[in-house]
Each structure stands twice: as C-alpha cells, then as structure tokens.
Amino acid sequence: MRLVKCWFCSSTIYPGHGIQFVRNDAKIFRFCRSKCHKNFKMKRNPRKVKWTKAYRAAHGKDMTQDKTFEFEKKRNRPERYDRNVTEDTLKAIKKIDKIRSTREAEHINKRLKPNKQKIFKSAITELDQHISLIKAPGSQQQDSEKMKVLVSSNKSVQNEAMEE
C-alpha cells in the first residue's frame, strides 16, 4: 500500500483517493481533495494559505526541525526480515511517538506563553478600569472618606492628663 503526500497541503493520500494532475512536461501533482486541486488551479501559493502545512511550518506554528522526523523518512534499500529487529523497531516506534508528543506539547506551550501574559495584563487593566462593577457602592464611598492622618509620637500634656 503506497501512501503519497498531497502536493498542496502535504496531507497523506490513501490508495483510491484524491486527484492526479499531469502537466505537459510529465510532472505529476497529487491532491488529497478538490479543495487542494482548485487552489492549485487558482495558482495559490501553499505557503500563503493558512490551513496548509507549508504555511504552519513557515510561520513557526508546527515543529519542523526535530530529530524524531528522521525516523519517518522513506528508505528505498530492502532489508532482510529478522524477527528480533522487527520487535526492537516496534518498541522504538512507541518510544519515539511518546518523545514527539511531549516535544509538540512543549512547542505549543512555548508558542502560547507570550499570549497568556498579554491576556493577564489586559485582564488586570480591565479590572482597574471597571472596579465599580465588582465593589459595592457603599464601600467605594468609605474608601474616599478615609484619609491618612499623621499621629505624632510626642505625647502632649493634655493627652497625659486624659490618660490619668
């Protein structure tokens, strides 16, 4: 079973699916769905269309440079079947998938971190601006009436007489 990638969006195309376009110079373009084919015919650049993998890679939305992607590369050299090697390969695939998923999660958190700080700051400023919606009206009046009064540390003669 041969799985190929869509020329426009880079998603996988399974056998019996998709559209094939052969140009006059015998170059073959494979598309996963009519949406990709139509965009190709409209001469759109996949790096400028936001839903394509090329756009996401170009704008830092997805991980593009990672060692775990090297394991997915196609190898055209035939290998002799060995049961032990196959078992080790399957175990390694599971470990690599786990490593990739954790790295993707870290990448997403790293991308979202600056936006979280921006949202936090905007929330604080909105609270400062609309504090009247949160505090009761009576408490705001009391805050304005309260004033700081300086108390001197020197005791006067009148205060001493009052204390006795």
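Keep in mind that this is a model prediction, so the values were computed, not measured. Residue positions are given per chain, counting from 1 as you read along its sequence in written order. For a predicted model such as this one, the threshold for reporting local features is a pLDDT of at least 70, and the threshold for listing and counting side-chain atom pairs is 80 or more; totals across whole chains, interfaces and linings nevertheless cover every residue. To get the side-chain values, take all heavy atoms of the structure and skip hydrogens and water.

Peer 1: What am I meant to see in the pairing of strand E3 (residues 19-22) here?
Peer 2: Within a regular strand, side chains alternate between the sheet's two faces. Inspection of the sheet shows E3 paired to strand E4 (residues 28-31) by 4 bridges, in the antiparallel sense. By the bridge assignment, valine 22 is partnered in E4 with isoleucine 28. Between any two strands, at least two bridges found by DSSP are needed for them to pair. A run of DSSP states H or I qualifies as a helix once it reaches four residues; a run of E qualifies as a strand once it reaches two. Both are numbered from the N-terminal end. Where E3 folds back onto E4 in an antiparallel hairpin, the turn is made up of 5 residues, including alanine 26, whose phi is positive at roughly 70°.

Peer 1: I tried to follow the nonpolar core on my own but got confused; where do I start?
Peer 2: Note that soluble globular proteins tend to have their nonpolar side chains buried in a common cluster. The biggest cluster of nonpolar side chains holds 11 residues, and these are Val4, Cys6, Phe8, Cys9, Ile13, Phe29, Phe31, Cys32, Cys36, Phe40 and Val49. Secondary structure elements with two or more residues in this core: E4 and helix H1 (34-41). Any two residues whose heavy atoms approach within 4.5 Å at even a single point are treated as in contact. With sequence-adjacent residues up to four places away left out, cysteine 9 is seen in contact with Cys32, Arg33, Cys36, Trp51, Thr52 and Lys53. Note on terminology: a nonpolar core comprises buried Ala, Val, Leu, Ile, Met, Phe, Trp, Tyr and Cys residues joined through side-chain atoms within 4.5 Å. Each residue's exposure class comes from its accessible area (1.4 Å probe, protein chains only) as a fraction of the maximum for that residue type: buried when under 20%, exposed when over 50%, partly exposed otherwise.

Peer 1: Is there a simple way to think about unusual backbone geometry in this case?
Peer 2: A negative phi angle characterises most non-glycine residues, just as the trans form characterises most peptide bonds. One non-glycine residue, serine 10, lies in the positive phi region at around 70°. Note that serine 10 resides in the loop between strand E1 (4-5) and strand E2 (12-13).

Peer 1: Whenever I open this one, the state of the cysteines confuses me. Can you help?
Peer 2: Put plainly, a disulfide is one covalent bond tying together the sulfur atoms of two cysteines. Throughout, a disulfide means two cysteine sulfur atoms within 2.5 Å of one another. Counted under the stated rule, the structure contains 0 disulfides. Looking at cysteine 6, it has no disulfide partner, and the nearest cysteine sulfur is the one in cysteine 9, 3.7 Å off. Its relative accessible area of 3% is what places cysteine 6 among the buried residues. No disulfide involves cysteine 9; its sulfur sits 3.5 Å from the nearest other cysteine sulfur, which is in cysteine 32.

Peer 1: Before we go on, may I ask you to explain the environment of threonine 89 in this structure?
Peer 2: Within the secondary structure, threonine 89 is located in helix H3 (residues 83-129). For threonine 89, the side chain forms a polar contact with the main-chain oxygen of valine 85, separated by 2.6 Å. Under this definition, polar contacts are N or O atom pairs within 3.5 Å; protein pairs additionally need one hydrogen-donor-capable and one acceptor-capable atom, and for neighbouring residues in sequence, both atoms have to be side-chain atoms.

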